Each structure stands twice: as structure tokens, then as C-alpha cells.
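Topology and contacts: notes
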Amino acid sequence: MNEFLKLEGAYLFFAFVILLITVFVATRPFIAKGSLKKALIWVSLFLICAIALHYYVTKSRMEAVATAYKSGKEVLCENRIYTKGANFITIKDNGEWSLKNDYFVSPNFTRDFFLARCIVK
């Protein structure tokens, strides 16, 4: 559950805001009676499906990146700290990097790289 909240927390917040907007619009006097229930059902269903699909795709990509790293392939990770240089950093299992709890860790870097922000090269 903690991992789900870490990956989808921002999207859950946006979904809540969208539901609030739906309630606001569906309760206006010019909207037909009974629209609130229908709108909440359909919008909630769409948001649940979208967030679940995003979580599934992200977890699948994370597993693919971890598998590729363990098999010796290169991995590209988003580099948000050093914006003047490359936008991505190449990570390979050459003894410098290790994989710990869904993070690439190296003693030569001040920050860790989360698997969800990486792709296989």
C-alpha cells in the first residue's frame, strides 16, 4: 500500500480534485436532477481505471528495468539534479551501482535513482 501511495499519490490528489469539480458542476441548478449520482459513478469509474492502469504500467516498467539491470543491460534514469549536463544518467551493473529497495544507489552520487523514473536503454 505504501508503494502504491508513493507511485500514485499525486494522481489520487488530482482525482479527488476532479471529483470535487464533478460535484460542483452536477449540483448546479440548471443540471437535471439525479445527475450527481450518475456523474460520480462514471467519473469515479474512469478515474479508478486510469489510476489502476497507470500503476500497472509503472510496476511492469519497474520490473523490466530491474530485470534488465540484473542481466547486465544499461538503464537510463532521469537526472533532475544536474540540469546543465545530460538529462539522463546511464546505469550499468559494473560494481559502482547497486539495486536496493527499488532504488539505484551509488557511493559516487549524492542521490538515489527511483526505478519508476528509469527505462531500459
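In what follows, the accompanying structure is described. (Residues numbered from 1 in each chain as written. Predicted model: local features only at pLDDT ≥ 70, side-chain atom pairs only at ≥ 80, totals over all residues. Heavy atoms only, no water.)

1. Brief notes about the overall build of the protein
A tally of regular secondary structure across the protein gives 2 helices and 6 strands. Traced from its N-terminal end to its C-terminal end, the protein shows the element sequence α-α-β-β-β-β-β-β. Against the globule reference of 14 Å for 121 residues, the protein gives a C-alpha radius of gyration of 20 Å, more extended than a compact globule. With the C-alpha coordinates aligned to their principal axes, the bounding extent of the protein is approximately 65 × 30 × 25 Å. (Helix = DSSP H or I, 4+ residues; strand = E, 2+ residues; numbered from the N terminus. Rg over C-alpha atoms; globule rule 2.2 N^0.38 Å.)

2. Observations concerning the side chain of threonine 58
Tracing the backbone through its elements, the reader meets threonine 58 in helix α2 (residues 35-70). From its side chain, threonine 58 meets the backbone oxygen of histidine 54 in a polar contact 2.8 Å long. The residues contacting threonine 58, other than those within four sequence positions of it, are Leu7, Glu8 and Ala116. (Polar contact = N/O pair within 3.5 Å; in protein donor to acceptor, adjacent residues only side chain to side chain. Contact = heavy atoms within 4.5 Å.)

3. So, the state of the cysteines
Under the criterion given, the structure shown has 1 disulfide. Linked covalently through their sulfurs, cysteine 77 and cysteine 118 form a disulfide whose S-S length is 1.9 Å. Every disulfide takes its handedness from the sign of the S-S torsion; for cysteine 77 and cysteine 118 that torsion is 105 degrees, giving right-handed. Separated by 41 residues along the polypeptide, cysteine 77 in strand β1 (residues 75-78) and cysteine 118 in strand β6 (residues 118-120) bring together distant segments of the chain. Residues cysteine 77 and cysteine 118 agree in their burial class; the two are buried. (Disulfide = S-S within 2.5 Å. Buried < 20%, exposed > 50% of the residue type's maximum accessible area, 1.4 Å probe, protein only.)

4. Comments concerning the side chain of lysine 59
Within the element layout of this structure, lysine 59 appears in helix α2. Apart from the residues within four sequence positions on either side, lysine 59 is in contact with Glu3 and Leu7.

5. A few points about the nonpolar core
Counting 16 residues, the largest nonpolar core has Val75, Cys77, Ile91, Trp97, Phe104 and Phe113 as its most contacted members. For this core, the leading source of residues is α2, giving 4 residues. Excluding its chain neighbours within four sequence positions, the residues that come into contact with phenylalanine 113 are Cys77, Glu78, Asn79, Ile89, Ile91, Trp97, Asp102, Tyr103 and Phe104. (Core = buried A, V, L, I, M, F, W, Y, C linked by side-chain atoms within 4.5 Å.)

6. Side note on the pairing of strand β2 (residues 88-91)
Of the two faces of β2, the one lined by Ile89 and Ile91 is fully buried and the one lined by Phe88 and Thr90 carries no buried residue. Where β1 and β2 come together, 4 bridges link them in antiparallel fashion. Bridge pairing in β2 places glutamate 78 opposite phenylalanine 88. (Pairing = 2+ DSSP bridges.)

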